[in-house]
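# Remarks on the overall topology
Letter by letter, the chains look like this.
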Amino acid sequence: MPLPRLGASSPGARPTAPPCPRRGGGALCAPLNRVWLLDAGPRLARAWAGCTCGTRFGIGAAADAWRAHSDAADRPDRSAWLDAEALRAVVEGVPDAGRRVPRAAPGVVPVGEPVIHAATAWVDPADPAVAELAQHMLAVMDAAPGIGLAANQVGAGLRVIALNFPKLIPQVWVNPVAVSTAGEWTFAEGCLSLEVEGSTADVVRPKAITVVADLPGGGHVVVEADEMLARVIQHELDHLEGIEYVQRLEGAVRDEVYDRLEADGVDTDLLPPRPLR
Ligand SMILES: [Zn+2]
Ligand SMILES: [Zn+2]
């Protein structure tokens, strides 16, 4: 996702974490996200909450919640991972970070390319090719600038996403899986693979999401995300399934956006509607 315009309304947070220590009677200061970082085994390394005020504070005692989320995650074992040789070939085929093509940010693959519209492959998070891809994705995301990027957006059909919330969460996630969602929230989305005037539109999605993901090189995270972070994660998880956000639009908004895309030469047959409701 590209950087959003500021000023979006905040409907308030779920009570998911202890009160923020900086809270001074201001009702807007409330924890939005909980993050559990685990080492390569089942051992909790660190846990923290991120608050609306920007504060991050420890929540080490809340171990039962991450265990429940981890247990609920339905992820394939290593037999489903792409083999190392194929993985290396995919990463070596990634275009240069400076390559510029129509309707996409530099280094980004536009809607219309098959890799954008296909489900991506599970990968070995410890493979050095994944770490290499991660560095490339972070550079492309920063240059765009964007707040989220999926690997197939840089031409690699792999289950890797980059998220630009450096104070809150690890930046690159491998094999992420949604465990649960809650609520509903409308927020405007755009995409670095669909830079067409007028294509930014309000999308209705769950307000909160819980995700389990591996980290490049080892360990994994369990994240309860809300609002903005939850939105970006959902947008990128859709990419990993070959789904572009405009496919989530409905009714008149969809018609308007699709008209603009067609006027710009986008083949909307590649974007069949996939409404969430
Ligand atoms: Zn706070
Ligand atoms: Zn996107």
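A short tour of the structure in this document, coming up. For clarity, every value in this text was computed on a predicted model and none was experimentally measured.

We now examine unusual backbone geometry. Cis peptide bonds are those with omega within 30 degrees of zero, and the linkage from Ala144 to Pro145 qualifies with -10°. Its location among the elements puts Pro145 in the loop between helix 3 (128-143) and strand 4 (148-150). You will see that Arg103, though not glycine, has its phi angle at about 65°, which is positive. Here Arg103 is to be found in the loop between helix 2 (84-92) and helix 3. Under the C-beta neighbour-count criterion, Arg103 is labelled buried, with 20 such atoms within 10 Å. Positive phi outside glycine occurs at Asn175, with the angle close to 50°. Mapped onto the elements, Asn175 comes out in strand 6 (residues 172-182). Given 25 C-beta atoms within 10 Å, Asn175 falls into the buried group.

The terminal C-alpha atoms of helix 4 (residues 227-240) lie 20 Å apart, and with 14 residues this matches the ideal 20 Å at 1.5 Å per residue to within 8%. Where burial is concerned, most of helix 4 is hidden: 13 out of the 14 residues are buried. Directly after helix 4, the chain includes Gly242, whose backbone phi takes a positive value near 80°.

Moving on, we get to the nonpolar core. Val123, Leu133, Met137, Val160 and Ile233 are the most contacted members of the largest nonpolar core, which has 77 residues in total. If you tally residues by element for this core, the top one is helix 3, at seven residues. For Val123, the contacting residues outside a window of four places in its chain are Trp81, Leu82, Leu87, Val130, Leu158, Arg159, Val160, Val174 and Asn175.

The next subject is the pairing of strand 9 (residues 208-214). Of all seven residues that make up strand 9, seven are buried, and the element is covered over most of its length. Burial of strand 9 is two-sided: the residues Ala208, Thr210, Val212 and Asp214 facing one way and the residues Ile209, Val211 and Ala213 facing the other way are all buried. By the bridge criterion, six bridges tie strand 6 to strand 9 in an arrangement that is antiparallel. Counterpart to Val177 in the pairing with strand 9 is Val212. In terms of strand pairing, strand 9 meets strand 10 (residues 220-226) through seven bridges, oriented antiparallel. The partner of Ala213 across the bridge, within strand 10, is Val221.

Attention shifts here to the sheet that holds strand 6. If you walk across this open sheet you meet the eight strands as 3-2-1-10-9-6-5-4, and the pairing is antiparallel. Looking at the sheet topology across the chains shown, the edges are occupied by strand 3 (56-58) and strand 4. Between one strand axis and the next, the sheet turns by 30° as a mean value, whatever way the strands run. With three bridges joining them, strand 2 (residues 44-51) and strand 3 adopt antiparallel strand pairing. Along strand 3, the bridge assignment pairs Gly50 with Arg56.

What follows covers the packing of helix 2 against helix 3. Axis separation between helix 2 and helix 3 bottoms out at 9 Å; the angle between their running directions is 20°. When the axis of helix 2 is compared with that of helix 3, the two are roughly parallel. Every pair of crossing elements has a handedness; the one defined by helix 2 and helix 3 is left-handed. Where helix 2 abuts helix 3, its residues Leu87, Arg88 and Val91 lie against Ala129, Glu132 and Leu133. Of the residues contributing to the contact of helix 2 with helix 3, the split by class is four nonpolar, no polar and two charged.

What counts and how
Residues numbered from 1 in each chain as written. Chains lettered and ligands numbered in written order. Predicted model: local features only at pLDDT ≥ 70, side-chain atom pairs only at ≥ 80, totals over all residues. Helix = DSSP H or I, 4+ residues; strand = E, 2+ residues; numbered from the N terminus. Buried ≥ 20, exposed ≤ 12 C-beta atoms within 10 Å, placed from the backbone. Expected span 1.5 Å × (residues − 1). Core = buried A, V, L, I, M, F, W, Y, C linked by C-beta atoms within 7 Å. Contact = placed C-beta atoms within 7 Å. Pairing = 2+ DSSP bridges. Axes fitted to C-alpha atoms, helices over the stretch in contact; angles between N-to-C directions. Parallel < 35°, antiparallel > 145°, perpendicular 65-115°, else oblique. Left-handed = near helix turned anticlockwise from the far one by under 90°. Nonpolar A, V, L, I, M, F, W, Y, C, P; charged D, E, K, R; others polar.

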